[in-house]
Amino acid sequence: MAHSFSFCGAFGSNNFRPFGYDTVHKFQRVVFKLKNFSVERALGRAKSHAKKGQITEAIQLYSLILTEFPNNKKARLGLNSMINSHLTSAIYTPPQGQIDKLLDLFNKRLFGRAIEQAQNLIQQYPTSYMLWNILGASYKSLGRLAEAIDAFVKVTHYNAQYADGFNNLGVVLGETGQFDRASVAYNQALKIKPNFYETYNNLGTVLRKQGYLEDCIECYAKAIDLKPNYVEAHNNLGVALVAQGKLEDAISVYRRVLSMKPDFAATYPNLVNALQIQGSIADAVEVCKQALSCHFEDVSVYNSLGNLLVGMDQLDDAINAYKLALVINPEYVDAYSNLATAFVYRGDLDAAIDACNKALNINPNHAIAHMTQGNAFRDQYRHSEALDAYQRAIALQPELSEAYSNMGMVQVAEGKLDAAIDSYNKALSIKPNDAEAHSNLSYALLNNGRINDGLSEYEWRHQTRNGMKHKREFSKPMWDGQETLRGKRILLWSEQGVGDTINWSSCLSAISSQADQCILECPKKLVPLLARSFPNIEIKSQDRSLDKKRDDFDFHLPLGSLYKHFLEEVYANRRSSAFLLSDSKRKKFWRERLASLGSGPYIGVSWKSGNMSPARLQNYAQISEWYPIFKIRDVTYINLQYSNFDNDLKEIKDSFGTTVHNFDDLDHYNDLDEVAALCSALDMVISTKITVPLISAAVGTPTKLAIWRQSPWNNILLNPAGPYLEMFERNTLEPWNKAFEYIQNDIIKLKQ
């Protein structure tokens, strides 16, 4: 996307050489050309050379005309004018040797010395546009753009026919955001030199930055027409097409660039970006690998690869990519910051904080590093330090919407819902389409009792980093809740885990009663349970392979949107009766098997999720905190955990002398129909916030849920539904003993 900066034509020889015999003799050898070339056309050509500042060429052509036509007044006047001009140029232009020395300094990147010597020569040759051009280029290279602009203005003043001077002026004006002035300069360059393809490319970039996408595409196309293998213009054309949303066209253009020049580094990140937007993450990763085969020392490619791998949840590979970037450039701040983000996602919070510290040692004003460090503090529940880090990030970069959004997450964890809602709204005032902020705002609103507003915001979930994985694309429209379903077929589809699918199925009867046909696609392991529970709905295992070609329904709707359209029914039926029907024969089987273990009551227990990341730990109690439950005697406890429970069962036995029975032949993870039958045979289920209480509450088993009060998921949308559900809350960082003591009392009552 870089502008083309030009010295073209600026530094040719300008030493005056009188016209003697040898020159005239050369002209005489080409006199025959005038036989088929009219005098007027020859005069026009000479005048054109003069207008472009091509003095030597103009002198040669005027002399040639006078050799054949000695009395031509126009040729005589033109020749005299050019000779005088050339003599004047010789007086006001430094010798070529001095120009060459300046160019040598510039090419060696000794810009300070080039500036000093150019300034000294300008005192002697103040109207030399070549000196001013070198001075302007040196200023630009040092980032002294205001001085560069002044120098290039002088270039165009002392040689108004020097197209490169106007082009160079346009480049610097564009870099300082003076787009209108840049456009004027570029157009003047094109007026002087109509085939100046670099200027068409530069003008296109200025127009793109101003939002004139159609005009900028025309400029890039003109540049390409003038020079078909001009990869810079092809690359910039791709950028403009992405801005128009024409991803396929842009991707084709980028791939064409790389076919012409496989080592053209600027195109790789652009192609990766286009593929990311398109959702072709695996292809983007392959492009990064292709780039690395051409640019082993290009740290930005390793950084981009790391970012892509984070998006694919391949955190170990992402971390390795960032570390490779840092091997090449240990001062690469962005790589440290992104490495910290990957560590946060992986739960390596101390490593994340250390990476942020390294980034901030290099650049204390790196706002993203401050914010990422805040995220690590947040997940360690060091809330005060997290908020301080977010405030530093915002002070450095007031438009950093993500910092406000992350601040809101801390405020939710502290129970400050009004403050959190304000923070999310500040984030959205900066970045209105920030899906993560909208999603976080939805939870805060739901937890604060603003249900309708929260459900509306929840519709942004499919545009979040996590939601994109679950979103499905159909040719048929999504149901808006308004259009009648009479005589229509509607497809409902599961979008998240089995727990949410179970919970939201409590609304299925409300929508199936309105449609002529209702289809539900869900994880295969839920099909038997849901098919039995909802016999008037066609329950199918989900299959995404033909989504865009399907024609077996009129509307579709993700399950998570049911509450938005049937909120009244949710309120009316949420606790009225069980909505899942377990297999009666298997329920009898499990009652008999439970009885074989000893006397009741029979209480199922589950205590942790398969995802125990630091950000989720507040939802779950340590085994030691279950003491009020497991110290009760004459109770038969049944394990309902589906994985990684062997050590926990041993700890319960060793710490409390209590046996929690596990049925080794039951696949708790995959055989959910059997888990539902077991739950329905139990007298009570006690659990923290995982899938188990969603099943047990739905089949009508008395369910005691120990829940983190400030959890973003503690709301009507995500809490279990069922007739015998009770929730026992504890605050952030408080012990769980009070919640479990209340549940303990219920167990004692059950025993009586």
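For the structure, check the block above.
Residues numbered from 1 in each chain as written. Predicted model: local features only at pLDDT ≥ 70, side-chain atom pairs only at ≥ 80, totals over all residues. Heavy atoms only, no water.

Draft legend 1. Layout of empty space enclosed by the protein. Scanning the entire structure with this criterion turns up 1 cavity of 30 Å³ or more. In this model, the largest cavity occupies a volume close to 50 Å³. Along the walls of the largest cavity sit Tyr 268, Pro 269, Val 272, Cys 288, Ala 291, Ser 300, Val 301 and Ser 304, which together make up its complete lining. Elements supplying a minimum of two residues to the lining of the largest cavity: α15 (267-278), α16 (281-294) and α17 (299-311). Its residues placed into classes, the lining of the largest cavity shows 6 nonpolar, 2 polar and no charged. (1 Å grid on protein atoms, 1.4 Å probe; cavity = no way out; pocket = protein on both sides within 12 Å on 5 of 7 lines; lining within 4 Å. Points joined across faces, edges and corners; volume = space filled by probe spheres on them. Helix = DSSP H or I, 4+ residues; strand = E, 2+ residues; numbered from the N terminus. Nonpolar A, V, L, I, M, F, W, Y, C, P; charged D, E, K, R; others polar.)

Draft legend 2. Highlighting the pattern of salt bridges. On inspection of all chains with the given rule, the structure shows 31 salt bridges. Note that Lys 358 is salt-bridged to Asp 354, the shortest N-O span being 3.5 Å. Pair noted here: Lys 358 and Asp 354 are both in helix α20 (residues 349-362), with a separation of 4 residues, about one helical turn. Assessed through its relative accessible area of 38%, Lys 358 is described here as partly exposed. Looking at Asp 354, the relative accessible area reads 38%, which means it is partly exposed. Between Arg 472 and Glu 521 there is a salt bridge whose closest N-O contact spans 2.9 Å. Separated by 49 residues along the polypeptide, Arg 472 in the loop between α26 (451-458) and β1 (489-493) and Glu 521 in strand β2 (residues 517-522) bring together distant segments of the chain. For Arg 472, a relative accessible area of 3% gives the class buried. Among the ionic contacts, a cluster of salt bridges with common partners joins Arg 472, Glu 521, Asp 547, Arg 550 and Asp 552. (Salt bridge = Lys/Arg side-chain N within 4 Å of Asp/Glu carboxyl O. Buried < 20%, exposed > 50% of the residue type's maximum accessible area, 1.4 Å probe, protein only.)

Draft legend 3. Summary view of unusual backbone geometry. Note the cis peptide between Gly 600 and Pro 601, where omega equals 5 degrees. For Pro 601, the location among the structural elements is in the loop between α32 (584-595) and β5 (602-606). A positive phi angle, near 60 degrees, is found at Asp 634, a position not held by glycine.

Draft legend 4. Geometry of the sheet that holds strand β7 (residues 660-661). Judged by pairing direction, the sheet is parallel, and its 6 strands sit side by side in the order β7-β6-β5-β8-β9-β10 without closing on themselves. Either end of the sheet is taken by a strand with one partner, and the two such strands are β7 and β10 (725-730). Bridge count for β5 against strand β8 (residues 684-687) is 4 bridges, and the pairing is parallel. Following the sheet pairing, Val 605 is matched in β8 by Ile 686. Those strands touched by helix α37 (residues 737-751) are β5, β8, β9 (703-708) and β10, and its axis lies near 150 degrees from that of β10. (Pairing = 2+ DSSP bridges. Contact = heavy atoms within 4.5 Å. Axes fitted to C-alpha atoms, helices over the stretch in contact; angles between N-to-C directions.)

This is a description of form; function is not addressed.
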